[in-house]
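Spelled out, the chains give:
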Amino acid sequence: MGILYDDVVIINQADKEGEPTVITVNCPDKTGLGCDLCRIILFFGLSIYRGDVSTDGKWCYLVFWVFGKQNTRWSLLKKRLSECCPSCSSASGISYYRTDLEPPKPSEVFLLKFCCHDRRGLLHDVTSVLCELELTIKKVKVSTTPDGRVMDLFFITDTRELLHTKKRKDDTHDSLRAVLGDSLISCDIEKVGLEVTACSQFPTVLPAALTEDMKLEMIDSQKIGSAPSHNVTITMDNSLSPAHTLVQIVCQDHKGLLYDIMRTLKDYNIQISYGRFTTKTKTECEVDLFIMQADGKKIVDPSKQGSLCSRLRMELYNPLRLALVSRGPDTELLVANPVELSGKGRPLVFYDITLALKMLDTGIFTAEIARHMIGDREWEVYRVLLDEGDGSSIPRNMIEEAVRKMLMGWE
């Protein structure tokens, strides 16, 4: 079973407005491929309405029905999805994800440093430019001076791996100049060491309002079951297949839902042999997955079943942690999301945060992205100190609701 490499990914764009675009992927299999594909789809701002996954242990076939923006760069999306797929020559069996045997190649980190005059929505406009250029934000430090100037430090990696070239740097500078105009005072890009994005080992710097529910045992079935508007039901069955464990999930839809499921299974080194994702109503989703462990066997150990169910339940009930806390007389917004074992963080979180604040006409005084080890997991933490100096204070519950809805894709 072989196909031309150009046909690994086929995108059939919707003929009419309101209809989904169909993305078909047909390539050799590997554990975690579904996660990697869903992450790219999420990065391009697309919402997966329906999905089908199947594999014979060597070759896999995936179909995603997606809705997206009018300006989606479909040709670039196809290229990124194709690059993610194993080569056709590797179709000799499933390649399992192993962080110890296959450590991800670290990308070069660059410091984008620029100074400009402050204005409302500035940080989101800059973040939008970086996303369009496929520059991934690993860490950021933003501060505002008393004279109304902003000094921004963005630690970024380049999906295209060209930021070391003069042309790529010039293109980045020109794109920022086009958005910021005369307010841009200076701009510089230089290569830095990987240690600048290393995670912190000191979780005590984070407020309890953010960390109190980050541990797995804090989210139990009784607590989730008490919230009928946000119910997560997960069941496992070993009686319907001689070789696979069936996992059935019913939950509320949110942005990146399928990615959250796939990344959890990838971290557990679980292979999906067949799966179906369906949005039953506007808000409810049903997922059926036939899975097996790395040794090709069912999950029969009750403790392993319980651990996987608990982790899936936690990730779907609360994929991002959000809190508004007092920092002296000011208000600080904190958002945290778990990092994949591969080291990849969730796409577009900072983009969504800054967009929600821009729509509220809420200024940002300082912002920072850093990674922290909390328990046995690495988390990406976003800290945004809101600028309330003009006296027009927006109620905290309104800010929290707006940011949460933007992050979760809820109207």
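Residue positions are given per chain, counted from 1 along the sequence in the order it is written. Selection of residues for local features in this predicted model requires a pLDDT of at least 70, selection of side-chain atom pairs for listing and counting requires 80 or more, and totals for whole chains, interfaces and linings are taken over all residues. For side-chain calculations, the full set of non-hydrogen atoms in the structure is used, while hydrogens and water are omitted.

Student: Describe the overall build of the protein chain, naming the residues involved and giving the relevant values.
Tutor: Helix and strand definitions here come from DSSP, where helices need a minimum of 4 consecutive H or I residues and strands a minimum of 2 consecutive E residues; each element is numbered from the N-terminal end. Scanning the protein chain from terminus to terminus reveals 10 helices and 16 strands. A simple rule labels every residue: compare its accessible area, found with a 1.4 Å probe on the protein chains alone, to the largest value its type can have, and call it buried under 20%, exposed over 50%, or partly exposed in between. Relative to its full complement of 411 residues, the protein chain shows a buried share of 51%. A separation of at least 24 residues holds for 71% of the contacts in the protein chain among residues at least 6 apart in sequence. Areas reported here follow the Shrake-Rupley algorithm with a probe of radius 1.4 Å; residue values treat only the protein chains shown as occluding. For the protein chain, the exposed area adds up to about 19200 Å²; of that, 52% sits on carbon and sulfur atoms. Whether two residues are in contact is decided by their heavy atoms, any of which lying within 4.5 Å being enough.

Student: Run through unusual backbone geometry, naming residues and quoting values.
Tutor: Non-glycine residue Leu-348 carries a positive phi angle of around 65°. Looking at the element boundaries, Leu-348 is found in the loop between strand 14 (330-338) and helix 9 (349-359). Among the residues examined, Leu-348 registers a relative accessible area of 18% and is labelled buried. The phi torsion at Asp-361 lies on the positive side, around 55°, for a residue other than glycine.

Student: Describe the packing of aromatic side chains, listing the residues and the values that go with them.
Tutor: Stacked, tilted and edge-to-face are the three classes assigned to paired rings of Phe, Tyr and Trp, where Trp is represented by its six-membered ring and a pair needs centres within 6.5 Å; plane angles under 30 degrees give stacked, over 60 edge-to-face, the rest tilted. Inspection of the entire model under this criterion finds five aromatic pairs. Ring centres 5.7 Å apart and planes at 75° place the aromatic pair Tyr-49 and Phe-67 in the edge-to-face group. Pair noted here: Tyr-49 is in strand 3 (residues 47-55) and Phe-67 is in strand 4 (residues 59-67), with a separation of 18 residues, a long-range link. By relative accessible area, which is 32% here, Phe-67 ends up partly exposed. Taken together, a centroid distance of 6.0 Å and an interplanar angle of 5° make the contact between Phe-114 and Phe-154 stacked. Residue Phe-114 is found in strand 5 (residues 109-117), and its partner Phe-154 is found in strand 7 (residues 149-158); the two are separated by 40 residues along the sequence. Across the pair, exposure class does not vary: Phe-114 and Phe-154 are buried alike.

Student: Explain the sheet that holds strand 5 residue by residue, including any values.
Tutor: Two strands make a pair as long as DSSP finds a minimum of two bridges between them. Pairing in this open sheet of eight strands is antiparallel, and the strands run 8-5-7-6-15-16-14-13 from one edge to the other. The sheet terminates laterally at strand 8 (184-192) and strand 13 (321-327), the two strands that pair on one side only. Taken pair by pair, the neighbouring strands of this sheet meet at an average axis angle of 25°, ignoring direction. Looking at chain direction, strand 14 and strand 16 (residues 377-387) are connected through seven bridges and run antiparallel. Along strand 16, the bridge assignment pairs Leu-333 with Val-384. Packed onto the sheet, helix 3 (residues 122-132) meets strand 5, strand 6 (135-144), strand 7 and strand 15 (363-374) and runs at close to 20° relative to strand 7. Fitted lines through C-alpha atoms serve as axes, helices being fitted only where they are in contact, and the angles separating the N-to-C directions of these axes extend from 0 to 180 degrees. In this fold helix 4 (residues 166-180) packs onto strand 5, strand 6, strand 7 and strand 8, with an angle of close to 150° to the strand it touches most, strand 8.

Student: Hey, could you go over the confidence of the model for the protein chain for me, with residue numbers and the actual values?
Tutor: Every residue is assigned a pLDDT by the predictor, reflecting its confidence on a scale from 0 to 100. On average, residues of the protein chain score 86 in pLDDT, and 86% of them reach the 70 mark or higher. Scored below 50 in pLDDT, residues 216-229 makes 20 contacts in the model with residues more than four places away or belonging to other chains.

Student: Any chance you could break down the nonpolar core for me, citing the residues and the numbers?
Tutor: Counting 53 residues, the largest nonpolar core has Ile-23, Leu-37, Phe-64, Leu-77, Ile-249 and Ile-261 as the members making the most contacts within it. Per-element tally for this core: the top contributor is helix 1 (residues 33-43), with eight residues. Not counting residues up to four positions away in its chain, the partners in contact with Leu-37 are Val-25, Leu-62, Phe-64, Leu-81, Cys-84 and Cys-85. In this structure, Val-150, Cys-187, Leu-320 and Ala-367 belong to the second largest nonpolar core, which totals 46 residues. As used in this record, nonpolar core signifies buried Ala, Val, Leu, Ile, Met, Phe, Trp, Tyr and Cys residues forming a set joined through side-chain atoms within 4.5 Å.

Student: Describe the sheet that holds strand 10 (residues 245-252), with residues and values.
Tutor: Sheet architecture is open: eight strands sit in the order 1-2-4-3-11-12-10-9, paired in antiparallel fashion. Of all strands in the sheet, those bounded by a partner on one side alone are strand 1 (9-12) and strand 9 (233-237). Taking each pair of neighbouring strands and ignoring which way they run, the sheet shows an average axis angle of 15°. The pairing of strand 10 with strand 12 (residues 284-292) spans eight bridges and is antiparallel. Its bridge partner being in strand 12, Ile-249 is matched across the sheet by Val-287. The sheet contacts of helix 1 involve strand 2 (21-28), strand 3 and strand 4, and relative to strand 4 the element is tilted by about 25°.

Student: Before we move on, can you summarise the packing of helix 7 (residues 257-267) against helix 8 (residues 302-317) with the specific residues and values?
Tutor: Following both chains from N to C, one finds helix 7 and helix 8 inclined at 150°, their axes separated by 10 Å at the closest point. Relative to helix 8, the element helix 7 lies roughly antiparallel. The way helix 7 lies across helix 8 gives a crossing that is right-handed. On helix 8, the residues that touch Leu-257, Asp-260, Ile-261, Arg-263, Thr-264 and Leu-265 of helix 7 are Leu-308, Arg-311, Leu-312, Glu-315 and Leu-316. Its residues assigned to classes, the contact of helix 7 with helix 8 shows six nonpolar, one polar and four charged. Under this scheme an angle from 65 to 115 degrees is roughly perpendicular, one under 35 degrees roughly parallel, and one over 145 degrees roughly antiparallel; angles in between are oblique. Crossings are sorted by hand: turned counterclockwise from the far helix by less than a right angle, the near helix makes the crossing left-handed, and turned clockwise it makes it right-handed. Amino acids are sorted into nonpolar (Ala, Val, Leu, Ile, Met, Phe, Trp, Tyr, Cys and Pro), charged (Asp, Glu, Lys and Arg) and polar (every other residue, Gly among them).

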